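Chain by chain, the residues:
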Amino acid sequence: MRLSLTVNGQEMKADDIWVGESLLYVLRERMGMPGSKNACEQGECGSCTVYLDGVAVCACLVAAGQAQGRDVRTVEGLAPGDDLHPIQQAFLDAGAVQCGFCTPGLLVATDDLLRRTGRPTDPEIREALAGNLCRCTGYEKILDAVRLAADRMGAAS
Ligand code: FES
Ligand code: FES
């Protein structure tokens, strides 16, 4: 099948798609967007989190055929230009990036949280990021990063 969808505001097409291959595979291997990571391919780790029609989902669990005609936003689309998004900057500044494999999914999940809740409590942060696994940081620095991003974005608005 030919797959047509919008990715980060751009119309994208890919041919010879098997309807059952994952949206994550399409993004990474067919559309040249490796930002969303493939760590488990089973919906367990959150490293592949993207927005599908504005809802954060695991791209590894979305079949390509389900994405037909829909709107996808990936970690590559978070920042509007060449500058880092405030959430990206906060993760760097808080030391929340080690190997970085979990980071793209955490960035999208944090963006989703802060869009819904500008000043989340710690339990709200933990709940929002519960589906995103990190094997490096011990999570405290990730919590610091989300608090920092919330403070900065709150101060800027
Ligand atoms: S790669 Fe999708 S949840 Fe782990
Ligand atoms: S920084 Fe390595 S898995 Fe999170």
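Relevant structure appears above.
In this text the structure is predicted, and so the values were computed from the model without any measurement.

Calculation rules
- Residues numbered from 1 in each chain as written.
- Chains lettered and ligands numbered in written order.
- Predicted model: local features only at pLDDT ≥ 70, side-chain atom pairs only at ≥ 80, totals over all residues.
- Heavy atoms only, no water.
- Axes fitted to C-alpha atoms, helices over the stretch in contact; angles between N-to-C directions.
- Helix = DSSP H or I, 4+ residues; strand = E, 2+ residues; numbered from the N terminus.
- Parallel < 35°, antiparallel > 145°, perpendicular 65-115°, else oblique.
- Left-handed = near helix turned anticlockwise from the far one by under 90°.
- Contact = heavy atoms within 4.5 Å.
- Nonpolar A, V, L, I, M, F, W, Y, C, P; charged D, E, K, R; others polar.
- Core = buried A, V, L, I, M, F, W, Y, C linked by side-chain atoms within 4.5 Å.
- Buried < 20%, exposed > 50% of the residue type's maximum accessible area, 1.4 Å probe, protein only.
- Salt bridge = Lys/Arg side-chain N within 4 Å of Asp/Glu carboxyl O.
- Pairing = 2+ DSSP bridges.
- Arc of directions from axis to C-beta.

**Details of the packing of helix α2 (residues 86-93) against helix α5 (residues 140-156)**
Moving on, step 1. Look at α2 against α5: their axes get within 8 Å of each other, and the N-to-C directions meet at 135 degrees. As the angle between them shows, α2 and α5 are arranged oblique. By crossing handedness, the relation of α2 to α5 is classed as right-handed. Mapping the contact onto sequence places Pro 86, Ile 87, Gln 89, Ala 90, Phe 91 and Asp 93 in α2 and Ile 142, Ala 145, Val 146, Leu 148, Ala 149, Arg 152 and Met 153 in α5.
Moving on, step 2. Of the residues in the contact of α2 with α5, the class split is 10 nonpolar, one polar and two charged.

**So, the nonpolar core**
Moving on, step 1. Phe 91, Leu 129 and Ile 142 are the most contacted members of the largest nonpolar core, which totals 24 residues.
Moving on, step 2. Listing elements by their share of this core, those giving two or more residues are α2, α3 (103-116) and α5.
Moving on, step 3. Beyond its immediate sequence surroundings of up to four residues, Ile 142 is in contact with Phe 91, Ala 96, Leu 106, Leu 129, Cys 134 and Thr 137.
Moving on, step 4. Among the nonpolar cores identified, the runner-up in size contains 21 residues, and Ile 17, Leu 27, Val 62 and Ala 67 belong to it.

**With respect to the pattern of salt bridges**
Where charged atoms from two side chains of opposite charge approach closely, those side chains can pair.
Moving on, step 1. Taken as a whole, this structure holds 11 salt bridges when the rule is applied.
Moving on, step 2. For Arg 116, the salt bridge is made with Asp 112, and the minimal N-O distance between the two is 3.4 Å. Of the two residues, Arg 116 and Asp 112 are both situated in helix α3; the distance of four residues between them amounts to about one turn of the helix.
Moving on, step 3. A residue is classified by how much of its surface remains accessible, and Arg 116, at 54% relative accessible area, is exposed.
Moving on, step 4. Linking Asp 144 and Arg 147 is a salt bridge whose minimum nitrogen-to-oxygen distance equals 2.7 Å.

**Topic: the sheet that holds strand β3 (residues 49-52)**
Moving on, step 1. Taken in spatial order, the five strands of this open sheet run β2-β1-β5-β3-β4, and their pairing is mixed. Bordering the open sheet on either side are β2 (10-14) and β4 (55-58), each of which pairs with just one other strand. For this sheet, the mean angle separating the axes of adjacent strands, direction not counted, is 40 degrees.
Moving on, step 2. With two bridges connecting them, β3 and strand β5 (residues 71-73) associate as antiparallel partners. Considered in β5, the bridge of Tyr 51 is made with Arg 73.

**Some words on α2**
Moving on, step 1. What α2 keeps buried is the set Ile 87, Gln 88, Ala 90 and Phe 91. When α2 is viewed along its axis, its buried side chains cluster within an angular range of 160 degrees and face the same direction.
Moving on, step 2. Tucked into the core, α2 has its buried residues touching α3 and α5.

**Looking at the environment of Glu 140**
Moving on, step 1. In this fold, Glu 140 is placed in helix α5.
Moving on, step 2. Taking the C-alpha atoms as reference, Glu 140 lies 28 Å from Leu 61; in sequence the two are 79 residues apart.

Just distances and angles here, no functional claims.
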